[in-house]
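Structural description and commentary
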Amino acid sequence: MTVRLFVTGGTFDKEYDEIEGRLYFKDTHIRQMLERGRCRLEVAVEKLMLIDSLEMSDEDRDLILSRCRNAPEDRIVVTHGTDTMVKTAGVLGRAGLSKTIVMTGAMIPWAFGSSDGLFNLGSALSFAQALPSGVYVAMNGLWFPWDDVTKNKRRGVFGALRSTDR
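Residues numbered from 1 in each chain as written. Predicted model: local features only at pLDDT ≥ 70, side-chain atom pairs only at ≥ 80, totals over all residues. Heavy atoms only, no water.

Remarks on the pattern of salt bridges
As enumerated under the stated definition, the model contains five salt bridges in all. A salt bridge links Glu 73 to Arg 4, with the nearest nitrogen and oxygen atoms 2.9 Å apart. Highlighted residues: Glu 73 in the loop between α2 (58-70) and β5 (75-79) and Arg 4 in strand β1 (residues 2-9), separated in sequence by 69 residues. The closest approach of N and O atoms between Glu 46 and Arg 67, which form a salt bridge, is 2.8 Å. A residue pair is termed long-range when its members are at least 10 positions apart, and Glu 46 in strand β4 (residues 42-51) and Arg 67 in helix α2 qualify at 21 residues. Classification of Arg 67 as partly exposed rests on a relative accessible area of 25%. (Salt bridge = Lys/Arg side-chain N within 4 Å of Asp/Glu carboxyl O. Helix = DSSP H or I, 4+ residues; strand = E, 2+ residues; numbered from the N terminus. Buried < 20%, exposed > 50% of the residue type's maximum accessible area, 1.4 Å probe, protein only.)

Shown next, in the form of structure tokens:
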């Protein structure tokens, strides 16, 4: 089984400019993360963009949808900034593709060394293999259907909109 992994940017791939005191994008860290995690799954990585999700446009979301629709794989992971991940998941979910699409992100950049990104990436890859067709958000070891997830910005965690048995 091959999982397609689409990179869109977000905190996963941010670097820190010590002189300017700002976060910026240089390139994706996904290959390093897969290597560090000793990933044995076949993952086809494709960088779509490197942007902060707050700057993501409807056209960017349409590109993500188009690439998911046209990917030969039916198991897909999308790395995405956490601020608008739920919005993009809605675009993908409403499209009703017959694929398993798992979106994930990080609260702390990979480059900082204490990122949650490696754990989230591993979880998303596992969920993409195990969950049925649909669109999901995977963060901190949990998965949520696209239409039952929210980001609690005050606590910095994702949770279900409705209570579940999970």
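Additional details are given in the paragraphs that follow.
Description of the pairing of strand β7 (residues 134-139)
Extensive coverage of β7 is indicated by the burial of six of its six residues. Burial of β7 is two-sided: the residues Gly 134, Tyr 136 and Ala 138 facing one way and the residues Val 135, Val 137 and Met 139 facing the other way are all buried. Direction of pairing for β7 relative to strand β8 (residues 142-145): antiparallel, over a ladder of four bridges. The residue of β8 that forms the bridge with Tyr 136 is Pro 145. Between β7 and β8, which pair antiparallel one after the other, the connecting turn spans two residues, and Asn 140 there sits at a positive phi close to 55°. (Pairing = 2+ DSSP bridges.)

Some points on helix α3 (residues 85-95)
Inspection of α3 places Met 85, Thr 88, Ala 89, Gly 90, Leu 92 and Gly 93 among the buried residues, and these make up the whole buried set. Elements that come into contact with the buried residues of α3 comprise α2, β6 (100-104) and β7. Just beyond α3, the residue with positive phi is Gly 96, at close to 65°. (Contact = heavy atoms within 4.5 Å.)

Concerning helix α4 (residues 117-130)
Taking 1.5 Å per residue as the helical rise, α4 with its 14 residues ought to reach 20 Å, and the 20 Å between its terminal C-alpha atoms agrees with that figure. Residues Gly 117, Asn 120, Leu 121, Ser 123, Ala 124, Leu 125, Phe 127 and Ala 128 constitute the buried set of α4. (Expected span 1.5 Å × (residues − 1).)

Regarding the side chain of Thr 8
Relative to the helices and strands, Thr 8 is located in strand β1. A relative accessible area of 0% means that Thr 8 is categorised as buried. At 2.5 Å, the side chain of Thr 8 forms a polar contact with the backbone oxygen of Thr 79. Beyond its immediate sequence surroundings of up to four residues, Thr 8 is in contact with Met 49, Leu 50, Ile 51, Met 56, Ile 64, Val 78, Thr 79 and His 80. (Polar contact = N/O pair within 3.5 Å; in protein donor to acceptor, adjacent residues only side chain to side chain.)

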